[in-house]
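# Structural overview
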Amino acid sequence: MDGLDEPFILKFEFKEKPHILEVRPWIQQYKISYKVTVEECEITFEEDEEGQLRAIGDKHVHAGHSIDPQLLEDIARRIQETVSGE
């Protein structure tokens, strides 16, 4: 998993709001996860049974608001595109 352990930055707009997020790879014995702080919540993205990234974590709610599930899906897609070189 050489080269996959370096943090990288995602810059994009979602629903006309700019986002700049640092993605921190977290390499475990047989898999790699990605930790991202989104709207002050740390979210972990891991592969599901079909090989697609999904957001996991205890809470996607902070300070009385929840994170848009479509934003999490968009971040997962962007992480996959970045690590696969698309």
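Rules used in this analysis
- Residues numbered from 1 in each chain as written.
- Predicted model: local features only at pLDDT ≥ 70, side-chain atom pairs only at ≥ 80, totals over all residues.
- Heavy atoms only, no water.
- Core = buried A, V, L, I, M, F, W, Y, C linked by side-chain atoms within 4.5 Å.
- Buried < 20%, exposed > 50% of the residue type's maximum accessible area, 1.4 Å probe, protein only.
- Helix = DSSP H or I, 4+ residues; strand = E, 2+ residues; numbered from the N terminus.
- Contact = heavy atoms within 4.5 Å.
- Expected span 1.5 Å × (residues − 1).
- Polar contact = N/O pair within 3.5 Å; in protein donor to acceptor, adjacent residues only side chain to side chain.
- pLDDT = per-residue confidence, 0-100.
- Pairing = 2+ DSSP bridges.
- Axes fitted to C-alpha atoms, helices over the stretch in contact; angles between N-to-C directions.

By the naming in an unreviewed UniProt entry, the protein is Activator of Hsp90 ATPase homolog 1-like protein, taken from Chitinophaga filiformis.

## Notes on the nonpolar core
The nonpolar side chains of soluble globular proteins are, as a tendency, buried together. If you look at the biggest cluster of nonpolar residues, it comprises 20 residues, and the most contacted ones within it are Y34, V38, F45, I75 and I79. With five residues, helix α1 (residues 69-84) is the largest single contributor of residues to this core. Once you skip the residues sitting within four places of it in the chain, F45 turns out to touch S33, Y34, V36, L53, R54, A55, L72, I75, A76 and I79.

## Considerations on α1
Over its 16 residues, α1 extends 23 Å from the first C-alpha to the last, a length consistent with the 22 Å expected when each residue adds 1.5 Å. Residues of α1 that are buried include every one of L71, L72, D74, I75, A76 and I79, and no others. Turning to α1, the residues buried within the fold contact β1 (8-14), β2 (17-27), β3 (32-38), β4 (41-47) and β5 (53-56). In this structure D68 caps α1, since a side-chain oxygen of it lies 2.8 Å from the backbone nitrogen of Q70. Just beyond α1, the residue with positive phi is G85, at close to 80°.

## Some words on the confidence of the model for the protein
When pLDDT is averaged along the protein, the result is 85, and 84% of the positions lie at 70 or above. Element-level pLDDT for the protein is lowest in strand β6 (residues 61-62), with a mean of 54, against a maximum mean of 95 in β1.

## Looking at the sheet that holds β1
The strand order across the open sheet formed by five strands is β1-β2-β3-β4-β5, and the pairing between neighbours is antiparallel. The open sheet has two free edges, formed respectively by β1 and β5, since each of these has just one partner strand. Across the sheet, the mean angle separating the axes of adjacent strands is 30° when strand polarity is ignored. Where β4 and β5 come together, four bridges link them in antiparallel fashion. Each residue of the ladder has a partner; that of F45, found in β5, is A55. Docked against the sheet, α1 engages β1, β2, β3, β4 and β5, running at close to 135° with respect to β1.

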